[in-house]
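A structural walkthrough
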Amino acid sequence: MRAFRIRTTKGLAIKIRNFGVPDIRRVVEIEENSSLDGDAGLYLEVYEEWQEGFLVAEREKEGKEKEEVIGFIVLVLTPEGEGRVFAIAVDSRYRGKGVGRALLKAGFSVLRKRKIGFVELEVRVSNVVAQRLYSSLGFLEVGFVPLYYKDGESAIFMRKVL
Ligand SMILES: CC(C)(COP(=O)(O)OP(=O)(O)OC[C@H]1O[C@@H](n2cnc3c(N)ncnc32)[C@H](O)[C@@H]1OP(=O)(O)O)[C@@H](O)C(=O)NCCC(=O)NCCS
């Protein structure tokens, strides 16, 4: 994907670009605050599988400050040839500002370019914020996976036509 700058629906100026290996430190920091199950090794393995599917959102800083990664999305391809949201998270300081929505939309366009027709994901039953975001983007609840997460929480399985 070609990097692009946008203003989110909530007015935050961000850049969305492909992940690069030096971003792994920030990705792990963000994910550690997001109750996801991944780790650096797993993310790098998934990246090696399909580099196009790993995107980051960067905040443009003022003056001499360095740009900073504030969110990421990892998409994978399933054996059936569908897309799957493997992980998505936004730095807790920047949630609710439209970054997650922008990352998902960018991910959809990567999948559409590949002529992929569906995208699926699992979400914790307790994660109402994420469920609301996914529903607003056209995901439908199509299943329930008991005890899906390491801590024993169940998942809602969602799917969207691209
Ligand atoms: C889920 C997550 C990625 C969403 O990213 P985000 O940048 O905060 O989301 P956005 O600002 O794009 O919000 C989009 C929608 O989510 C919902 N939402 C966001 N923040 C919310 C809040 N505090 N309370 C309720 N709903 C909220 C709203 O429906 C919002 O829609 P709107 O734009 O019409 O207001 C982010 O909250 C996060 O990192 N959570 C922790 C990790 C996680 O749960 N990942 C998903 C695993 S399946």
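Whatever comes next refers back to the structure up there.
Described in the following lines is the structure provided in the data block. All values reported here derive from a predicted model rather than from experimental measurement.

Along its length, the protein chain carries four helices and eight strands. Written out in order from the N terminus, the α and β elements of the protein chain read β-β-α-α-β-β-β-α-β-α-β-β. Over its C-alpha atoms the protein chain spans a radius of gyration of 15 Å, differing by no more than 12% from the 15 Å that the globule rule assigns to 162 residues. The dimensions of the protein chain, computed from C-alpha atoms along their principal axes, are 50 × 35 × 30 Å. Counting only residues that meet the buried cut, the protein chain has 48% of its 162 residues in that class.

Two strands pair when backbone bridges link them, and strand S1 (residues 4-7) and strand S2 (residues 13-18) are joined in this way by four bridges, in the antiparallel orientation. Note on S2: the bridge partner recorded for Arg 7 is Ala 13. Hairpin connection from S1 to S2: five residues lie between these consecutive antiparallel strands, with Gly 11 at a positive phi of about 85 degrees.

Examined against the element boundaries, Asp 91 turns out to sit in the loop between strand S5 (83-90) and helix H3 (99-113). Among the residues examined, Asp 91 registers a relative accessible area of 8% and is labelled buried. A distance of 2.7 Å separates the side chain of Asp 91 from the side chain of Arg 93, its partner in a polar contact. Aside from chain neighbours lying at most four places away, what touches Asp 91 is Arg 26, Ile 30 and Ile 70.

You can see Lys 61 is positioned in the loop between strand S3 (54-59) and strand S4 (68-77). Relative accessible area serves as the criterion here: at 26%, Lys 61 is assigned to the partly exposed category. For the pair formed by Lys 61 and Glu 45, sequence separation is 16 residues and the distance between their alpha carbons is 30 Å. Beyond its immediate sequence surroundings of up to four residues, Lys 61 is in contact with Lys 66, Glu 67 and Glu 68.

This brings us to a negative patch on the surface. A contiguous patch of negative charge on the surface is contributed by Asp 39, Glu 45, Glu 48 and Glu 49. Exposure remark for Glu 48: the relative accessible area of 54% places this residue in the exposed category.

Here the focus is the site of the ligand. Inspection of the region around the ligand gives 21 residues, with Val 90, Gly 96, Gly 98, Gly 100 and Asn 127 positioned closest. Measuring from an oxygen atom of the ligand, one finds a backbone N or O atom of Lys 97 at 3.0 Å. Take Val 99: an N or O atom from its main chain is 3.4 Å from an oxygen atom of the ligand. In the complex, the protein chains occlude 75% of the 930 Å² of accessible area that the ligand would expose alone. Going through the elements one at a time, S5, H3, strand S6 (118-124) and helix H4 (128-136) are the ones with two or more residues in the shell around the ligand. Among the elements that make up the shell around the ligand, the one with the highest residue count is H4 (five residues).

Reading the values: rules and limits
Residues numbered from 1 in each chain as written. Predicted model: local features only at pLDDT ≥ 70, side-chain atom pairs only at ≥ 80, totals over all residues. Heavy atoms only, no water. Helix = DSSP H or I, 4+ residues; strand = E, 2+ residues; numbered from the N terminus. Rg over C-alpha atoms; globule rule 2.2 N^0.38 Å. Buried < 20%, exposed > 50% of the residue type's maximum accessible area, 1.4 Å probe, protein only. Pairing = 2+ DSSP bridges. Polar contact = N/O pair within 3.5 Å; in protein donor to acceptor, adjacent residues only side chain to side chain. Contact = heavy atoms within 4.5 Å. Patch = residues over 30% accessible without salt bridge, like charges linked within 9 Å, V, L, I, M, F, W, Y side chains within 5 Å. Areas by Shrake-Rupley, 256 points an atom, 1.4 Å probe, with all protein chains shown as cover. Salt bridge = Lys/Arg side-chain N within 4 Å of Asp/Glu carboxyl O. Lys, Arg positive; Asp, Glu negative; His and termini not counted. Charge placed at Lys NZ, Arg CZ, Asp CG, Glu CD. Near = heavy atom within 4 Å.

Everything listed here is a matter of geometry and, on its own, says nothing about what the molecule does.
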